[in-house]
2 protein chains.
Amino acid sequence: MAAPSELSYISALRALASHPGARGLQDDVAVLEIGDQQLVITHDMMVEGIHWLPGQDMADVAWKLVAVNLSDLAAKGAKPIGVILGQTLDRDQDRFLSGLEDALRTFDVPLLGGDTVSAGGGPVSLGLTALGKASCDPVPSRSGARPGDILYLSGPVGAAIIDFEAIKAGEAPLGSAFLRPHPLLAEGQALAPMVTAMMDVSDGVLLDAWRLATASAVTLSIATDDVPLAAPEDRREDALRWGDDYQLLFTAPAHVELPVKAAPIGTVEEGEPPLLLDGVAIFDPEGLGYQH
Amino acid sequence: MAAPSELSYISALRALASHPGARGLQDDVAVLEIGDQQLVITHDMMVEGIHWLPGQDMADVAWKLVAVNLSDLAAKGAKPIGVILGQTLDRDQDRFLSGLEDALRTFDVPLLGGDTVSAGGGPVSLGLTALGKASCDPVPSRSGARPGDILYLSGPVGAAIIDFEAIKAGEAPLGSAFLRPHPLLAEGQALAPMVTAMMDVSDGVLLDAWRLATASAVTLSIATDDVPLAAPEDRREDALRWGDDYQLLFTAPAHVELPVKAAPIGTVEEGEPPLLLDGVAIFDPEGLGYQH
């Protein structure tokens, strides 16, 4: 969980982000008008020991660094233009390079630039800036959910925690959910013109739903049994609170026919609290997911 | 100096940067065509213990992080649009925030977004992506110097090393050169339409001149006594090899009347070696400056 000092620091940063394109630092991305285009920009970091397990293959780490940033573009319906890499140097650059190459080729995104510096003896620290072109106007935000909308999730969650636990126990994971997630770029672009709000699920369905609700100043009433699982039923509570699944969480008017399959998991209602989980009011995000 | 493995790693990265906007990772910036505009993007990192001294005021570190990135935009004649900050959290966020605010206000650039994560017990690692709008087409590169051009430096070097040595010795620095450099944004924009090649001097005049020469496939013949100094004459050799002065190094045809004051320090000649220093041929960049 984020320490209180970290949360107050982020609030202070928001005061410096008064440009409308910054979206109040509440939307994973910035949106800039450049001529007649809208540029979507995101930056996510990963730090050794925090975002990946010691000893993990750096090829998977490089893949994930690209994927999590492209997932933020996906949630805005943006088409990736390129990425800029900042990294402190690691002992295993060959594996890193191999995974980076895999990811860039798979998602057809070029490396545009960056910076490479010594880690100064500390853990490896990675940052990626991803740039994309908006595919529709307005670019979906977290703040547009309206009472009467339906809340959807693009697919099941839980695969990442199950795989993470296997890897931590020294076993082979069932799939690629934790190590090599896939950003839902095509789905995001198809959905973007129809949604009222959209974000990717990186920190847990419940916590991210809480954030979408507070940004939109609405209540999201979620039937937790309706959240599709890619984990055993007895792990439902964990799967709802664990991140790294990179599904799209979005709201759309009830009459809209969706262009991609998605599970309705709740409804949008007026006012407070941010969440109604099976009818129970949740005001405090503490315990809902992974805050960082 | 960069280890051979680091240099070969950067060569391998270049193979992934085949997009023309990446400029072969040889130009500090990427240049993207967005609609009818050209977007200039740069990303520089700073790591505790490598780029700043332990115990330095984090307000100065934040300022410098902004300034060094804006200096890369300045060297391309770009007008800053905004910055994206990636940082691992420090013990002194209040000072960092204060310096960040100072720099953003001074240079009139908004914070657009970013990511804040735990440092995992390691040194603080900072990355900034700066975005700018090109003010002229083509955007100056390092590779356009032509035989017959004059090589110029926008102002004196050496203030940063003198200030650095004072700070390291526990004394007050003479000025702000090391702690709070100023990117030459107005000068870069004025010069951009007239230069054949331009870059900022971040790693030492001689090393950066060597890079400009190799990118342009020309010889830069430099009269080292003509390089203006902001340090005692007996420190000339160090001042030529130390970075952090953030002057602009550029070439322009001999007949061009420059819109800003600059010192002619050499001439552009055909062929090899990259550098002729007072008539001595220099093929190898080793020992010319700070490689990282």
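The written sequence of each chain sets the order in which its residues are numbered from 1. Chain letters start at A and ligand numbers start at 1, both assigned in the order the entries are written. At least 70 in pLDDT is required for a residue's local features to be given in this predicted model, at least 80 for side-chain atom pairs to be given and counted, and no such filter applies to totals for whole chains, interfaces and linings, which use all residues. Heavy atoms from the whole structure form the basis of all side-chain values; hydrogens and water molecules are not counted.

Per an unreviewed UniProt entry, chain A is named Thiamine-monophosphate kinase, and its organism is Parerythrobacter jejuensis. Recorded in UniProt under Function (unreviewed entry), the annotation for chain A is "Catalyzes the ATP-dependent phosphorylation of thiamine-monophosphate (TMP) to form thiamine-pyrophosphate (TPP), the active form of vitamin B1." UniProt positions are given in the numbering used here, feature names are shortened, and annotations may be inferred rather than shown by experiment. If you open the UniProt record of chain A and go to Catalytic activity (unreviewed entry), you find "thiamine phosphate + ATP = thiamine diphosphate + ADP".

In this section: the relation of the copies chain A and chain B. Superposition record for chain A on chain B: RMSD 0.0 Å, screw rotation 180°, translation along axis 0.0 Å. Those values place the two copies in the arrangement expected of a two-fold rotation axis. When each C-alpha of chain A is compared by its distance to the rotation axis, Gly122(A) comes out closest, at 2.3 Å. Should any heavy atoms of two residues lie within 4.5 Å, those residues are counted as being in contact. A symmetric contact is evident, with 98% of the interface residues of chain A recurring at the interface of chain B. We place the copies in one frame by least squares, fitting the C-alpha atoms of every residue whose pLDDT is at least 70 in both.

All names here are of chain A. Taken domain by domain, chain A holds domain 1 (4-134) and domain 2 (150-282). Note that the domain bounds reflect an automated or database-derived domain assignment. If you average the C-alpha positions of domain 1 and of domain 2, the two centres end up 21 Å apart. At the junction of the two partners, domain 1 supplies 24 residues and domain 2 supplies 21 residues. Here the quantity called buried area is the total loss of accessible area, with a 1.4 Å probe, experienced by two parts when brought into contact, counted for both. Three residues, Leu53, Trp63 and Lys64, lead the burial of domain 1 against domain 2; their summed loss comes to 26% of the area buried on that side. Each salt bridge in this description consists of a side-chain nitrogen of Lys or Arg and a carboxyl oxygen of Asp or Glu lying within 4 Å of one another. At the junction of domain 1 and domain 2, the tally comes to three salt bridges. Its salt-bridge partner being lysine 64, residue aspartate 244 comes within 3.2 Å of it at the nearest N-O pair. Distance and chemistry together define a polar contact, namely a pair of N or O atoms within 3.5 Å, with one atom able to donate a hydrogen and the other to accept it when in protein, and with adjacent residues in sequence counting only for side-chain atoms on both sides. Our count for the contact surface shared by domain 1 and domain 2 stands at seven residue pairs in polar contact (both at pLDDT 80 or more). Residue assignment for the side of domain 1 that touches domain 2 shows that the elements contributing at least two residues are α2 (58-74), β3 (78-88) and α3 (93-106). A run of H or I in DSSP counts as a helix once it spans at least four residues, and a run of E counts as a strand once it spans at least two, with each numbered from the N terminus.

For the structure on display, the rule yields 30 salt bridges over all chains. Residue Asp225(A) is joined to Arg236(A) by a salt bridge in which the shortest nitrogen-to-oxygen separation is 3.8 Å. With Asp225(A) in the loop between β8 (218-222) and α7 (236-241) and Arg236(A) in helix α7, the pair connects residues that are 11 residues apart, well separated along the chain. For Asp225(A), a relative accessible area of 59% translates into the label exposed. A salt bridge links Arg211(B) to Asp208(B); the nearest nitrogen and oxygen atoms lie 3.0 Å apart. Of this pair, Arg211(B) and Asp208(B) are both found in helix α6 (residues 205-216), three residues apart, which corresponds to roughly one turn of the helix. Accessible area is worked out with a 1.4 Å probe on protein chains only. A residue is then buried under 20% of its type maximum, exposed over 50%, and partly exposed in between.

Below, the discussion takes up the packing of α2(A) against α3(A). Residues and elements named next belong to chain A. Between the N-to-C directions of two axes lies an angle of 0 to 180 degrees, each axis being a line fitted to C-alpha atoms and, for a helix, fitted only over the stretch in contact. Axis separation between α2 and α3 bottoms out at 6 Å; the angle between their running directions is 35°. The chirality of how α2 crosses α3 is right-handed. For the pair formed by α2 and α3, the contact residues are Met58, Ala59, Ala62, Trp63, Leu65 and Val66 on the first element and Arg95, Phe96, Ser98, Gly99, Leu100, Asp102, Ala103, Leu104 and Thr106 on the second. Residue classes follow a fixed rule: Ala, Val, Leu, Ile, Met, Phe, Trp, Tyr, Cys and Pro count as nonpolar, while Asp, Glu, Lys and Arg count as charged, and any other residue, Gly among them, counts as polar. Looking at side-chain class alone, the contact of α2 with α3 contains 10 nonpolar, three polar and two charged residues. Crossing handedness is defined as follows: a turn of the near helix away from the far one that is anticlockwise and smaller than a right angle gives a left-handed crossing, while the clockwise case is right-handed.

Turning our eyes to something else, we now look at the sheet that holds strand β3 (residues 78-88) of chain B. Residue and element names in this part refer to chain B. Note on pairing: DSSP must find at least two bridges between two strands before they are called paired. Taken together, five strands build an open sheet; the order of strands is β1-β2-β5-β3-β4 and the sheet is mixed. With partners counted over all chains shown, the strands left at the sheet margins are β1 (30-34) and β4 (111-117), one partner each. Averaged over all pairs of adjacent strands, the angle between their axes in this sheet comes to 20°, without regard to strand direction. Helix-sheet contacts for helix α2 (residues 58-74) involve β2 (37-47), β3 and β5 (125-134), and the interaxial angle to β2 is about 145°. The strands touched by helix α3 (residues 93-106) within the sheet are β3, β4 and β5, with β3 carrying the most contacts at an inclination of about 175°.

Residues and elements named next belong to chain B. By this rule the span expected of a helix is its residue count minus one, scaled by 1.5 Å. Between its terminal C-alpha atoms α3 stretches 20 Å, which fits the 20 Å expected from 14 residues at 1.5 Å a residue. Regarding α3, the residues found buried are Gln93, Phe96, Leu97, Gly99, Leu100, Ala103 and Leu104. In a view along the axis of α3, the buried residues occupy a sector of 165°, so they form one face of it. In α3, those exposed residues whose orientation departs by more than 90 degrees from the buried face are Asp94 and Arg105. Where α3 ends, the next residue or the one after it, aspartate 108, has phi of about 55°, a positive value. Here the arc refers to the set of directions running from the helix axis out to each C-beta atom.

Looking now at the environment of Asp208(B). All names here are of chain B. A residue is classified by how much of its surface remains accessible, and aspartate 208, at 1% relative accessible area, is buried. For the pair aspartate 208 and tyrosine 290, spaced 82 residues apart in sequence, the C-alpha to C-alpha distance is 9.3 Å. A distance of 2.9 Å separates the side chain of aspartate 208 from the backbone nitrogen of aspartate 203, its partner in a polar contact.

UniProt feature "binding site: Mg(2+) 2" (unreviewed entry): in the numbering of this structure it lies at Asp44(A) and Asp72(A). Separation in sequence by 29 residues is not matched in space for these annotated residues, since their most distant C-alpha atoms are only 9.0 Å apart. For Asp44(A), the location among the structural elements is in strand β2 (residues 37-47). For Asp44(A), a relative accessible area of 19% gives the class buried. The residues touching Asp44(A), leaving out its near neighbours within four places in the chain, are Leu65(A), Val68(A), Asn69(A), Asp72(A), Leu126(A), Gly127(A), Leu128(A) and Asp115(B). Other than its neighbours up to four places away in sequence, Asp72(A) contacts Asp28(A), Val29(A), Thr42(A), Asp44(A) and Asp200(A).

One frequent convention defines the size of an interface as the accessible area lost when the parts assemble. Across the contact, 55 residues belong to chain A and 54 residues belong to chain B. Interface area for chain A against chain B, summed over the two sides, is near 4600 Å², with a carbon-plus-sulfur share of 76%. On the chain A side of the contact with chain B, Tyr9(A), Leu16(A) and Leu112(A) bury the most area, a combined 15% of that side's loss. Linking chain A with chain B are zero salt bridges, by the criterion used here.

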